[in-house]
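Descriptive structure summary
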Amino acid sequence: MSEAKHYYQDNALFLDGVNLNDVANQHDTPCYVYSRSAIEEAWTEYDHAFGSAPHLVCYAVKANSNIAILNLMAKLGSGFDIVSLGELERVLAAKGDPAKVIFSGVGKKEVEIKRALEIGIKCINIESEQELYRVKDAAADMGVKAPISLRVNPNVDAKTHPYISTGLKENKFGIDIDEALRIYIDASKMDSIEVTGVDCHIGSQLTDDSPYFDAIDKLIILMDKLKDNGINLHHIDIGGGLGICYDDETPPAKGEYVKRLVAALAEQGLEIIVEPGRSIVGNAGYFLTTVEFLKSNEEKNFAIVDGAMNDLLRPSLYSAWQRIIPLKDNSQAETKVYDIVGPVCETGDFLGKERELAIEPGDILAVCSAGAYGFSMSSNYNSRPKVAEIMVDNGTSHQIRQRESITEMFAAEELLP
Ligand SMILES: *Cc1c(COP(=O)(O)O)cnc(C)c1O
């Protein structure tokens, strides 16, 4: 099962009515291509499933932070989950509504907190007691009240990759649920703090939604204790993390998951916030890369491509599997099993391993499900410029990021005097 939106027509791969060969010819490779309709449909599936229940879908900016994508979200009425000042400024540049911004992250600096308070964001998710004091002081300095929730660590196992599991005691995220009551009571007495919610985010690429409901059970117990202490919340934020289908995973449908959330929280009567990133943009994006050389030894066949780990890190970082398909069926080429590797000087530089393909140098490949944590995790390692990004939309295509030039790449560097 795949939620992807590509299809073959006249032996060419299309996305949203656009021939991806044309995109590659016009913009060169490597590049990222995103389907506007796929992004909009994914966001809308979340939003509609809430029905009349008070809610806010806050797109997690770190999944893909191109301002064209953020602007699409803003047009849909989305909120935003941010983790840095840079992301906040991107949301503003993309005409996002500051009153719908939620600020997460374990290490917020004073300048970041002050900017967030200055523009009036919806809520700061507090990840430690020290951070609560930093926010309290910043708000007092500015003569404002900071809306906050505590990001609680519910100690549940999200059963996902250890690097993207965040809701266990051993993780750096959030406040231990057993300490939350005491800290909430302290916060409720602070003049420059307004307690508005509770938050958790237990991990990413969850393919089973039961850990969310385990976390909710624990949050409800906490909220009952808060009520007993006269602390009434306005919202509950369940975080993001719903998985997508990369290969044969079968994550719950977004709409079904939301309906179960609404039912589980019906008695609370609070606004429900979700912070999805991957499940909105992941399957909407493709990474296009050209085969440069085919190389074989006794053990292996390698397809050396022009895209690399600096452009798309997930396979190297998490051993993630992403589907790799050719833009056209090359019936002249012999079918072999290839490792698809980039030009970066690291053995860990691969986009896929042991893929059966009939390819020749010059053929173009699409790495599927590359819309989330693709471009946003890219770097200039090996002094490779950041690639171009293109949005396709019902037969038309728009460049939403120019390929970085080599001089731009080192423009901020200086020779010694
Ligand atoms: C990364 C992150 C998300 C989004 O996770 P996805 O798996 O992309 O849905 C949401 N909330 C917080 C706090 C995050 O750190």
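Residues numbered from 1 in each chain as written. Predicted model: local features only at pLDDT ≥ 70, side-chain atom pairs only at ≥ 80, totals over all residues. Heavy atoms only, no water.

1. Quick notes on the overall build of the protein chain
How we decide: Only DSSP runs of H or I with at least four residues qualify as helices, and only runs of E with at least two residues qualify as strands; both kinds are numbered from the N terminus onward. What the globule rule says is 2.2 Å times the number of residues to the power 0.38, and the radius of gyration is computed from C-alpha atoms. Using a 1.4 Å probe on the protein chains alone, a residue whose accessible area is under 20% of its type maximum counts as buried, one over 50% counts as exposed, and one in between counts as partly exposed. Contacts are assigned to residue pairs that have any heavy atoms within 4.5 Å of one another. Counted charges follow a simple rule, with Lys and Arg positive, Asp and Glu negative, and His plus the chain ends left uncounted. A single reference atom marks each charge: NZ on Lys, CZ on Arg, CG on Asp, CD on Glu.
Looking only at helices and strands, the protein chain has twelve helices and 21 strands in total. For 417 residues, the compact-globule formula gives about 22 Å, and the C-alpha radius of gyration of the protein chain, at 23 Å, lands near that figure. The C-alpha extent of the protein chain, read off along each of the three principal axes, is 75 × 60 × 40 Å. Within the span of the protein chain, comprising 417 residues, buried residues form 55% of the whole. If you take every contact in the protein chain between residues at least 6 apart in sequence, the share linking residues at least 24 apart comes to 70%. Considering the protein chain, the positive charge centre built from 40 side chains and the negative charge centre built from 64 side chains are found 3 Å apart.

2. Quick word on the domain arrangement of the protein chain
Applicable threshold: All domain edges in this entry derive from an automatic or database-based domain assignment. Joining two parts hides part of their accessible area as seen by a 1.4 Å probe, and the buried area is that hidden amount summed over both. Any carboxyl oxygen of Asp or Glu that lies within 4 Å of a side-chain nitrogen of Lys or Arg is treated as forming a salt bridge with it. What qualifies as a polar contact is a pair of N or O atoms within 3.5 Å, subject to a donor-acceptor requirement within protein and to the restriction that residues adjacent in sequence count only when both atoms come from side chains. Any residue outside Ala, Val, Leu, Ile, Met, Phe, Trp, Tyr, Cys, Pro, Asp, Glu, Lys and Arg is labelled polar, Gly included; the first ten of those are nonpolar and the last four are charged.
Splitting the protein chain by domain gives domain 1 (6–34 + 282–409) and domain 2 (105–274). When each unit is reduced to the centre of its C-alpha atoms, the spacing between domain 1 and domain 2 is 36 Å. Summed over both sides, the interface between domain 1 and domain 2 buries roughly 800 Å², with carbon and sulfur atoms accounting for 55% of that surface. Of all residues in domain 1, the largest losses of buried area upon contact with domain 2 belong to Asn 283, Tyr 318 and Trp 321, amounting jointly to 51% of the total for that side. Measuring nitrogen to oxygen at the nearest pair gives 3.9 Å for the salt bridge that ties Arg 323 to Asp 247. In this assembly, domain 1 and domain 2 are joined by one residue pair in polar contact (both at pLDDT 80 or more). Looking at side-chain class alone, the side of domain 1 that touches domain 2 contains three nonpolar, four polar and two charged residues.

3. Thoughts on helix α7 (residues 177–188)
Convention followed: What a helix is expected to span follows from its residue count: subtract one and scale by 1.5 Å. Directions are taken from the helix axis to each C-beta atom, and the arc is the one they span.
For α7, built from twelve residues, the straight-helix expectation of 16 Å at 1.5 Å per residue is met to within 8% by its first-to-last C-alpha distance of 17 Å. Residues of α7 that are buried include every one of Ile 177, Ala 180, Ile 183, Tyr 184 and Ala 187, and no others. Taken around the axis of α7, the buried residues stretch over an arc of 110 degrees, which confines them to a single face.

4. Quick look at the site of the ligand
Worth spelling out the cut-off: One heavy atom within 4 Å of a molecule or strand is enough for the residue carrying it to be called near that molecule or strand. To be clear on the numbers: accessible area is Shrake-Rupley with a 1.4 Å probe, and residue cover counts the displayed protein chains and nothing else.
The full set close to the ligand counts 14 residues, and Lys 62, Ser 204, Glu 275, Arg 278 and Tyr 373 are the nearest of them. A distance of 2.7 Å separates an oxygen atom of the ligand from a polar side-chain atom of Lys 62. Note that an oxygen atom of the ligand is positioned 2.7 Å from one of the backbone N or O atoms of Arg 278. Contact with the protein chains hides 95% of the accessible area of the ligand, taken as 390 Å² for the molecule alone. Broken down by class, the residue content of the shell around the ligand amounts to three nonpolar, six polar and five charged.

5. Quick word on the pattern of salt bridges
For the coordinates displayed, the defined rule picks out 21 salt bridges. The residue Lys 227 makes a salt bridge to Asp 224 at a minimum N-O spacing of 3.7 Å. On the criterion of helical spacing, the pair formed by Lys 227 and Asp 224 is a turn pair, its members being three residues apart in helix α8 (residues 210–228). In this structure Lys 227 comes out as partly exposed when scored by relative accessible area, which is 40%.

6. Observations regarding unusual backbone geometry
Across the junction of Thr 29 and Pro 30, the peptide omega takes the value -5 degrees, indicating a cis bond. With respect to the helices, strands and loops of the structure, Pro 30 is situated in the loop between α1 (20–27) and β4 (31–35). One non-glycine residue with positive phi stands out, namely Asn 155, at about 55 degrees. With respect to the element layout, Asn 155 can be found in the loop between β9 (146–153) and β10 (175–176). Phi at Ser 369 is positive, roughly 50 degrees, even though this residue is not glycine.

7. Considering the packing of aromatic side chains
Quick note on the threshold: Stacked, tilted and edge-to-face are the three classes applied to pairs of Phe, Tyr and Trp rings, where Trp contributes its six-membered ring and a pair requires centres within 6.5 Å; stacked means planes under 30 degrees apart, edge-to-face means over 60, and tilted covers the rest.
Using the criterion set out here, one finds six aromatic pairs in the structure. Ring geometry for Tyr 32 and Phe 375: centres 6.2 Å apart, planes at 75 degrees, overall edge-to-face. Taken together, the residues Tyr 32 in strand β4 and Phe 375 in the loop between β19 (364–367) and β20 (388–393) connect sequence positions 343 residues apart. Judged on exposure class, the residue Tyr 32 and its partner Phe 375 are both buried. Look at Tyr 212 and Tyr 257: their rings are 4.8 Å apart centre to centre, the planes differ by 40 degrees, and that puts the pair in the tilted class. With Tyr 212 in helix α8 and Tyr 257 in helix α9 (residues 254–265), this residue pair connects regions lying 45 residues apart in the sequence.

8. Remarks on the nonpolar core
Note the following rule: As used here, the term nonpolar core means buried Ala, Val, Leu, Ile, Met, Phe, Trp, Tyr and Cys residues forming a set that is joined through side-chain atoms within 4.5 Å.
Of all hydrophobic cores here, the largest spans 96 residues; its most connected members are Ile 39, Tyr 59, Ile 148 and Tyr 184. With nine residues, the single largest contributor to this core is α8. Formed jointly, this core draws a minimum of three residues from each of two domains, domain 1 (6–34 + 282–409) and domain 2 (105–274). Once you skip the residues sitting within four places of it in the chain, Tyr 59 turns out to touch Asn 64, Ile 69, Leu 70, Met 73, Ser 78, Gly 79, Phe 80, Asp 81, Pro 276, Gly 277, Ile 280 and Val 281. Ranked by size, the runner-up nonpolar core spans 18 residues in total, among them Leu 15, Val 23, Ile 364 and Ala 388.

9. Considering the sheet that holds strand β3 (residues 18–19)
Selection criterion: One requirement defines pairing of two strands: DSSP has to find at least two bridges between them.
Here we have three strands laid out as an open sheet, ordered β1-β2-β3, and antiparallel in their pairing. Looking at the sheet topology across the chains shown, the edges are occupied by β1 (6–9) and β3. Where strand β2 (residues 12–15) meets β3, two bridges bridge the pair, whose relative direction is antiparallel. From the neighbouring strand, Phe 14 faces β3, where its bridge partner is Asn 19.

10. A short note on the side chain of Ser 78
Residue placement: Ser 78 occurs in the loop between α3 (67–76) and β6 (79–82). At 2.9 Å, the side chain of Ser 78 and the side chain of Trp 43 are in polar contact. Those residues within four positions of Ser 78 in sequence are excluded, and the remaining contacts are Trp 43, Val 57, Tyr 59, Met 73 and Lys 100.

11. Observations concerning the pairing of strand β21 (residues 396–401)
Residues in a regular strand point their side chains to alternate faces of the sheet. Here β20 pairs with β21 via five bridges, running antiparallel. What sits directly across from Val 392, in β21, is Ser 397.

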